[in-house]
Amino acid sequence: MTQQTDSRQALGDGGLSTSEKYRRFVNLSCVHGIEPLTIDRGQGALLWTVDGKRYVDCFAGIAVVNAGHCDPRIVTAAREQLERMVHCGSYLYEVPVVADLAARLAEVTPGVLQKTFFCNSGAEAVEGAMRLAKAFTGRTEFIALELGFHGRTNATLSVTGNRFRKQHGGPYLSGTAFAPAPHPYRCRLCSGSCTLACAHAIEDVIDYHTSGDVAAFIAEPVMGEGGIIVPPDGYFELVKSILDDRGILFIADEVQSGFGRTGRMFAIEHYGVEPDILAMAKGIANGLPLGAFIARPDVADSFQPGEHLSTFGGNPVSCAAALATLAVIEEDHLLERSERLGAWLKGRCIDLQARNPSIGDVRGRGLMVGIEMVHDRKTKEPAPEVAGRVKRACRERGLLIGVGGYFGNVLRLQPPLVVEQEQLDFAVEVMEEALETARQG
Ligand code: PLP
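First things first, this report covers the structure right here in the doc. Because the structure is a prediction, the values reported are computed rather than measured.

**Describing the packing of aromatic side chains**
Then, number 1: Evaluation of the coordinates by the stated rule reveals nine aromatic pairs.
Then, number 2: When the ring of F259 is compared with that of F266, the centres are 5.1 Å apart and the planes differ by 70°; the resulting orientation is edge-to-face.
Then, number 3: Seen in terms of ring centroids, Y406 and F407 are 5.0 Å apart; in terms of plane orientation they differ by 90°. Their pairing is edge-to-face.
Then, number 4: Assessed through its relative accessible area of 23%, Y406 is described here as partly exposed.
Then, number 5: You can call F407 partly exposed: its relative accessible area is 38%.
Then, number 6: Chaining the aromatic ring pairs together yields one cluster made of F217, Y235, F236, F250 and Y271.

If you want it as structure tokens, here you go:
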């Protein structure tokens, strides 16, 4: 017996539980800590553990399962494509479902966005969008936002404005200049009412922090990982006019905010601005892996043959699921539902804020709601440990939520858009108790 077989036997799972296998064989060194739940199945906005405990899922696998867990229409579409053909190379041969999805995306995305490139994840979509912007403009630099997040590849971390996400990975690509986050709650620029100083600052960033060779400005229309930050009204309108004056493209990163999450198909629609390139993933196929970026035809056509490709990109099973997801969003009026239930949820969270001094701010659009926990409303000192305790107390009572933000102090409520009113009633009730438990330490 070779030494290799020996060590494989020694590592054999030997009847270990899922938890034990996770700890032994899954590399968890990179995550903050996995929730102590072993999930067996899901339906709508509910998840069940292997031992039968039921949870209301208010995080949707990080804002992914917008049409709900295991919607039968999406499952059937994926299964039928799975049985027909899984993979042949969607950039080697034409596949009907890929063409159908591309045509549908041209319909549902804003403005004149028309030609899609398919890949597998959000980071790949953003990185491809960045390459396309360089190809079109012949320029090399980018403007990104402080607190922005765009993925975990080298290029996407280069435009990510959060040192905690970047640590131990540098140096990153040169050529990115960061503009101030459009963050009303923690604005450092305007004293008193908002004058859109953060948008005006982009001119200075271009003039003083770049060589003027800027291909694109990249931003999330609602900033997810930064802490559900909603830029002020008028922000993107002003930014776009600055960019247009200088021939700089606007890449909207809708990986997290897209597909109905904020009450519109894409969050940039709230601002009445048309991006030149739009990156998407997460909610696109309701949990099957798929990423994409769509661009104006003149921009899209600037790649030269051989300059971009993806083996798995445009996987037919994922594309079938994406087409079915778009149909479900339409048939079940999930945009209206996200807007209506989101407004209700935000209102109830504002009520909680009135009764709980640890809540510094409540913000969001549609079913993308953030609650920022602080030690003191005046100093706004972040309270990440309180946020952690609230999340734990929610889980113990059957509710799953997320925690994020630069300081790790923002509770994230991003349920499937099919969540039912009674499930949200339950969520608010549980959060009220959890906030009280967390306050008592
Ligand atoms: N862009 C945004 C706005 C995101 O929120 C994320 C992931 O959270 C990404 C890009 C990266 O997506 P992925 O994890 O699919 O690579």
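**A word on the sheet that holds strand 12 (residues 368-373)**
Then, number 1: Taken together, four strands build an open sheet; the order of strands is 11-12-15-14 and the sheet is antiparallel. Strand pairing shows two members of the sheet lacking a second neighbour, strand 11 (359-365) and strand 14 (402-404), which therefore form its edges. On average, each strand axis in the sheet is inclined to that of its neighbour by 25°, with strand direction left out of account.
Then, number 2: Here three bridges tie strand 14 to strand 15 (residues 410-413), and the two strands are oriented antiparallel to one another. Bridge pairing in strand 15 places G402 opposite R412.
Then, number 3: This element, helix 14 (residues 384-396), spans strand 12, strand 14 and strand 15 of the sheet and lies at about 125° to strand 12.

**Observations concerning the site of the ligand**
Then, number 1: Around the ligand sit S121, G122, A123, F149, H150, G151, E220, E225, D253, V255, Q256 and K282, and that is every residue in its neighbourhood.
Then, number 2: Between the ligand and D253 there is a distance of 2.7 Å, counted from a nitrogen atom to a side-chain nitrogen or oxygen.
Then, number 3: A distance of 3.2 Å separates an oxygen atom of the ligand from a polar atom in the side chain of K282.
Then, number 4: The fraction of the free accessible surface of the ligand (390 Å²) that becomes covered by protein chains is 81%.
Then, number 5: Here the shell around the ligand is built from residues that sort into three nonpolar, five polar and four charged.

**A word on the pairing of strand 8 (residues 249-253)**
In summary, the side chains of a regular strand alternate between the two faces of the sheet.
Then, number 1: For strand 8, the tally of buried residues reaches five of five residues, placing the bulk of the element in the interior.
Then, number 2: The alternating pattern of strand 8 places L249, I251 and D253 and F250 and A252 on opposite faces, both of which are buried.
Then, number 3: By the bridge criterion, four bridges tie strand 7 (residues 214-219) to strand 8 in an arrangement that is parallel. Paired with I218 across the bridge in strand 8 is I251.
Then, number 4: Between the parallel pair strand 7 and strand 8, the chain is carried across by helix 10 (residues 235-245), and the sense of this crossover is right-handed.
Then, number 5: Bridge count for strand 8 against strand 9 (residues 277-280) is three bridges, and the pairing is parallel. Note that in strand 9 the partner of A252 across the bridge is L278.

**Brief notes about the pattern of salt bridges**
Then, number 1: Within the structure shown, the criterion is met by 25 salt bridges.
Then, number 2: Between R186 and E372 there is a salt bridge whose closest N-O contact spans 2.6 Å. Taken as a pair, R186 in the loop between strand 6 (176-179) and helix 9 (197-209) and E372 in strand 12 lie far apart in primary sequence, 186 residues in all.
Then, number 3: In this structure, a network of salt bridges that share partners links the residues K240, D244, D276, R296 and D298.

**Let's talk about the sheet that holds strand 7**
The strands that make up a sheet are held in pairs by hydrogen bonds between backbone atoms, and each pair lies either parallel or antiparallel.
Then, number 1: With respect to topology, seven strands assemble into an open sheet ordered 4-10-9-8-7-5-6, the strand pairing being mixed. A strand with exactly one partner marks an edge of an open sheet, and here the two such strands are strand 4 (115-119) and strand 6. Taking the axes of each pair of neighbouring strands and ignoring which way they run, one obtains an average angle of 20° across the sheet.
Then, number 2: This element, helix 5 (residues 96-108), spans strand 4, strand 9 and strand 10 (291-295) of the sheet and lies at about 125° to strand 4.
Then, number 3: Each of strand 5 (141-145), strand 6 and strand 7 touches helix 9; the most contacted strand, strand 6, lies at about 150° to it.

**What to know about the pairing of strand 12**
Then, number 1: Burial runs high along strand 12: six of the six residues are buried.
Then, number 2: In this structure, strand 11 lies alongside strand 12, joined through six bridges in antiparallel fashion. Following the sheet pairing, R363 is matched in strand 12 by G370.
Then, number 3: Once strand 11 ends, the chain turns through two residues before running back antiparallel as strand 12, passing G366 with a positive phi of about 55°.
Then, number 4: As defined by bridge partners, strand 12 adjoins strand 15 across four bridges and the pair is classed as antiparallel. Paired with I371 across the two strands is L411, which belongs to strand 15.

Thresholds applied
- In this convention, every chain numbers its residues from 1, walking through the sequence in written order.
- Totals for whole chains, interfaces and linings use every residue, but because this is a predicted model, local features are given only for residues with pLDDT of at least 70 and side-chain atom pairs only at 80 or more, for both listing and counting.
- By convention in this description, side-chain values take in all heavy atoms of the structure and omit both hydrogens and water.
- For Phe, Tyr and Trp, where Trp contributes only its six-membered ring, two rings pair if their centres lie within 6.5 Å, and the inter-plane angle classes them as stacked under 30 degrees, edge-to-face over 60, or tilted in between.
- Each residue gets one of three labels from its accessible area relative to the maximum for its type: buried under 20%, exposed over 50%, partly exposed in between, using a 1.4 Å probe on protein chains only.
- Two strands make a pair as long as DSSP finds a minimum of two bridges between them.
- A run of H or I in DSSP counts as a helix once it spans at least four residues, and a run of E counts as a strand once it spans at least two, with each numbered from the N terminus.
- Axis geometry follows a simple rule: fit a line to the C-alpha atoms, using only the stretch in contact for helices, then measure angles between N-to-C directions, giving values from 0 to 180 degrees.
- Here, residues are in contact when the closest pair of their heavy atoms is within 4.5 Å.
- Only a single heavy atom is needed: when it lies within 4 Å of a molecule or strand, its residue is near that molecule or strand.
- Pairing of N or O atoms within 3.5 Å defines a polar contact, subject to two protein rules: one partner must be a possible hydrogen donor and the other a possible acceptor, and residues neighboring in sequence count only if both atoms are side-chain atoms.
- Using a 1.4 Å probe, accessible areas were evaluated by the Shrake-Rupley method; residue-level cover was limited to the displayed protein chains.
- Side-chain classes are defined by residue name, with Ala, Val, Leu, Ile, Met, Phe, Trp, Tyr, Cys and Pro counting as nonpolar, Asp, Glu, Lys and Arg as charged, and the others, Gly among them, as polar.
- Place the viewer so that the strands point away; then a crossover is right-handed whenever the path from the first strand over the helix to the second strand goes clockwise.
- For this analysis, a salt bridge means a side-chain nitrogen from Lys or Arg found within 4 Å of a carboxyl oxygen belonging to Asp or Glu.

These figures come from the coordinates and say nothing about function on their own.
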